[in-house]
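Residues per chain are reported as follows:
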Amino acid sequence: MKIIVTCDDMNPSVIPIWKQTWDKIKEAHPWLKITVFTVPLWKGRSDNDIFKNKEFKQWHKERKGWVEIAQQGYSGDYPPECLRFKKPQQALIRRGYRKITTYLPDDFYSFKAPFYRMDHNTIEILQDLGFSACVQHGRLILLNMMNKPMEEFIMIESHINIEEKNPDNIQLIHQKMDKYLSELEKKYQYVTIGELLKGGME
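Below: a short report on this structure. Keep in mind it's a predicted model, so treat the numbers as computed, not measured. Every chain is numbered on its own, with residues counted from 1 as its sequence reads. Since the coordinates come from a predicted model, pLDDT governs what is reported: local features require at least 70, and pairs of side-chain atoms require 80 or more to be given and counted, while whole-chain, interface and lining totals use all residues. As a rule here, side-chain values come from all non-hydrogen atoms in the structure, and water together with hydrogens is ignored.

**Side note on the state of the cysteines**
Move 1: By convention in this document, the label disulfide applies to cysteine sulfur atom pairs within 2.5 Å. Going through the model one piece at a time under the given rule, you end up with zero disulfides.
Move 2: Free cysteine Cys7: the closest other cysteine sulfur is in Cys134, separated by 18 Å.
Move 3: Only protein chains enter the accessibility calculation, which uses a 1.4 Å probe. A residue is then buried if its area is under 20% of the maximum for its type, exposed if over 50%, and partly exposed in between. Among the residues examined, Cys7 registers a relative accessible area of 0% and is labelled buried.
Move 4: Summary of cysteine pairing: Cys134 is not part of a disulfide, and the nearest cysteine sulfur, belonging to Cys82, is at 9.2 Å.

**Describing the packing of aromatic side chains**
Move 1: Here a pair means two rings of Phe, Tyr or Trp (six-membered ring of Trp) with centres within 6.5 Å. Their orientation is stacked below 30 degrees between planes, edge-to-face above 60, and tilted elsewhere. Here the structure, examined in full by the defined rule, presents ten aromatic pairs.
Move 2: Measuring from ring centre to ring centre gives 5.4 Å for Tyr78 and Phe115, while their planes differ by 80°; the resulting arrangement is edge-to-face. With Tyr78 in the loop between strand S3 (67-72) and helix H4 (86-100) and Phe115 in the loop between strand S4 (110-112) and helix H5 (120-129), this pair connects stretches of sequence that are 37 residues apart.
Move 3: Relative accessible area serves as the criterion here: at 41%, Phe115 is assigned to the partly exposed category.
Move 4: Ring geometry for Tyr109 against Phe131: centres 5.0 Å apart, planes inclined by 80°, an arrangement best described as edge-to-face. Pair noted here: Tyr109 is in the loop between H4 and S4 and Phe131 is in the loop between H5 and strand S5 (133-136), with a separation of 22 residues, a long-range link.
Move 5: For Phe131, a relative accessible area of 0% gives the class buried.
Move 6: Through a chain of ring-to-ring contacts, the aromatic side chains of Trp18, Trp22, Phe56, Trp59, Trp66 and Tyr103 assemble into a single cluster. The secondary structure listing takes helices from DSSP runs of H or I that are at least 4 residues long and strands from runs of E that are at least 2 residues long, numbered from the N terminus.

In C-alpha cells:
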C-alpha cells in the first residue's frame, strides 16, 4: 500500500507558510514525498507568476527531491475556470500549462480543478495536453490506459493558503499531520502521483 500526500493552493505568496509547516513536517518524516497542486498565476497577480517569480524557482529547486509539482487551474478566480465554455476553459488551462510546464515531471503529471469543479470538457482538454490523471474529491481519475493495475493507495489531501498565517493554525496543522503520518508510515510507503502512475506503466 502506498501513501499519496497532496497539498493544494501553492503559489509564491505562501512560501513563508510552507517553511513553517511542510518543511518542519519533512524534518520529522524524512521519507515524505508530496504532490503539490500549484496555481500558476494566483489571483491574476504578476508577483505570483510562477514562471517569473525567482523565489518560487528557488523554493522548488531546493525541494525537488521530495516535492512533485502538479497544475491547479490557472489563477483560482471565480467563477470556476473549469466550468466555463470549452474554448475559454481551454485557453485558461493552456495558459497555466505554459507557465508550469518547466516544473512538471518529464513523463506523468496531474491536474486538479479549482474549487474541485470541472466538467466533461476539462477531461478532453487535459488529455489533449498530455496529462496522465486528475484529482477530484480525493479520487484519482486516469486519463490514459495503464499497462497493469496500479498499486493500492491512500490519499491524504491538504491545502495551504494565506489564511493559515495565524501561528495557532500553523501549529495545529503541523501537529495533526505529524500524528497522522506517524501512524501511516509504519506500514505504508510514500509516493507522488507521478511515481504511482509510472509504476502502472512499467
